[in-house]
Amino acid sequence: LARRGVAMSVLMPYCDRLGTFAMWYRQLWAESLGKDGMGTTPVKALGAVDQHSQVQLYLDGPRDKLFTLMLLDSAGRGGRVESARAPGKLSYLAGRTIGDLMEAEQNATAETLVRNGCPTRVIRLERLDEQALGALTMHYMLETIVAGRLMGVDPFDQPAVEQGKVLAREYLAEMGK
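Colleague: Explain the overall build of the protein residue by residue, including any values.
Modeller: When its secondary structure is counted, the protein shows five helices and four strands. Element order for the protein, N to C, with α for helix and β for strand: β-α-β-α-β-α-β-α-α. The C-alpha radius of gyration computed for the protein amounts to 20 Å, which surpasses the reference 16 Å derived for 177 residues by more than 25%, pointing to a less compact arrangement than a globule. With respect to the principal axes defined by its C-alpha atoms, the protein has extents near 70 × 45 × 30 Å. Taking all 177 residues of the protein together, the buried fraction comes to 34%. The long-range fraction of contacts in the protein, counting pairs at least 24 apart against all pairs at least 6 apart in sequence, stands at 73%. With an accessible surface of roughly 10,900 Å², the protein has 58% of that area assigned to carbon and sulfur atoms. With 21 positive and 21 negative side-chain charges, the protein shows a spacing of 3 Å between the two charge centroids.

Colleague: Outline the pattern of salt bridges, supporting the account with residue identities and numerical values.
Modeller: Under the definition given, this model contains nine salt bridges. In this structure, R115 and E111 form a salt bridge, with 2.4 Å as the shortest nitrogen-oxygen distance. Of the two residues, R115 and E111 are both situated in helix α3 (residues 98-115); the distance of four residues between them amounts to about one turn of the helix. Classification of E111 as partly exposed rests on a relative accessible area of 41%.

Colleague: Tell me what's going on with the pairing of strand β2 (residues 41-44), and back it up with residues and numbers.
Modeller: On a regular strand, each side chain points to the face opposite its neighbour's, so the side chains alternate between the two faces of the sheet. Examined bridge by bridge, strand β1 (residues 8-13) and β2 share four bridges and lie parallel to one another. The residue of β2 that forms the bridge with V10 is V43. One crossover worth recording links β1 to the parallel β2 by way of helix α1 (residues 19-33), and it is right-handed.

Colleague: I'd love a proper account of the packing of helix α2 (residues 49-60) against α3, names of residues and values included.
Modeller: Their axes nearest at 11 Å, the elements α2 and α3 cross at an angle of 10 degrees. With respect to α3, the axis of α2 lies roughly parallel. Contact residues: Q51, H52, V55, Y58 and L59 in α2; E105, T109, T112 and L113 in α3. Its residues assigned to classes, the contact of α2 with α3 shows four nonpolar, four polar and one charged.

Colleague: Residues and numbers for the packing of aromatic side chains, please.
Modeller: Throughout the structure, instances matching the rule amount to five aromatic pairs. Ring centres of F21 and W24 lie 5.3 Å apart, and the angle between their planes is 40 degrees; this geometry places the pair in the tilted category. Note that F21 and W24 are positioned in helix α1 at a spacing of three residues, about one turn of the helix.

Colleague: Which residues make up the side chain of Q106, and what values go with them?
Modeller: Note that Q106 resides in helix α3. The exposure class of Q106 is buried, given its relative accessible area of 0%. The residues contacting Q106, other than those within four sequence positions of it, are Y14, L69, L71, L72, S74 and R124.

Colleague: Can you break down the nonpolar core residue by residue, with the values?
Modeller: Formed by 18 residues in total, the largest nonpolar core has its most connected members in L11, L18, F21, M70, L128 and Y140. Looking at this core element by element, the count peaks at six residues for α1. Apart from residues lying up to four places away in sequence, L128 is in contact with C15, R17, L18, L72 and L133. Of all hydrophobic cores here, the second largest spans 13 residues; its members include Y14, Y58, F67 and L71.

Colleague: Which residues make up helix α4 (residues 130-151), and what values do they have?
Modeller: Its 22 residues give α4 an end-to-end C-alpha distance of 31 Å, which sits within 8% of 32 Å, the value for a rise of 1.5 Å per residue. Taken together, the buried positions of α4 are A132, L136, Y140, E143, T144, A147 and G148. Down the axis of α4, the buried set is contained in an arc of 135 degrees. They therefore lie on one face. Away from its buried face by more than 90 degrees, α4 exposes E130, Q131 and R149.

Cut-offs applied
Residues numbered from 1 in each chain as written. Predicted model: local features only at pLDDT ≥ 70, side-chain atom pairs only at ≥ 80, totals over all residues. Heavy atoms only, no water. Helix = DSSP H or I, 4+ residues; strand = E, 2+ residues; numbered from the N terminus. Rg over C-alpha atoms; globule rule 2.2 N^0.38 Å. Buried < 20%, exposed > 50% of the residue type's maximum accessible area, 1.4 Å probe, protein only. Contact = heavy atoms within 4.5 Å. Areas by Shrake-Rupley, 256 points an atom, 1.4 Å probe, with all protein chains shown as cover. Lys, Arg positive; Asp, Glu negative; His and termini not counted. Charge placed at Lys NZ, Arg CZ, Asp CG, Glu CD. Salt bridge = Lys/Arg side-chain N within 4 Å of Asp/Glu carboxyl O. Pairing = 2+ DSSP bridges. Right-handed = clockwise from strand over helix to strand, strands pointing away. Axes fitted to C-alpha atoms, helices over the stretch in contact; angles between N-to-C directions. Parallel < 35°, antiparallel > 145°, perpendicular 65-115°, else oblique. Nonpolar A, V, L, I, M, F, W, Y, C, P; charged D, E, K, R; others polar. Phe/Tyr/Trp six-rings, centres within 6.5 Å; stacked < 30°, edge-to-face > 60°. Core = buried A, V, L, I, M, F, W, Y, C linked by side-chain atoms within 4.5 Å. Expected span 1.5 Å × (residues − 1). Arc of directions from axis to C-beta.

Below you can see the structure in the form of structure tokens.
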């Protein structure tokens, strides 16, 4: 994908509880692979919030992104919309749960990206528990190591970050004088 101009890797979980995981991924990917002029910029997005604010750019802007959507099975879960609260143009929501709406939103985003030729992969989770989170963590650690090896960079060091740490310690030492 790098040879085809992909410069960004967007991780978009459709689960608020995976927001912190997406931040961890962003740190892991950037710190491990951003070396020697190499790497792709990791972007954290959260569906369905960022779906509405960023998909315009994703579909009609530069074609320089790989998308990974993490979809959590949610159909039938959560509160149900009463028919009286879904009049007219909102009648399609009558009898549906908030989980049904989330299921439709996440599936629609994935399909829209694919239909528009965007490199997209989908990780579908039946549930989010410690086993699923552990598997995701292991997957991304291994993927980062493999990507580093393919790119010819060492994913286990952080020379640019280290330079900032050294300077910060020097500045602190000077302040104490």
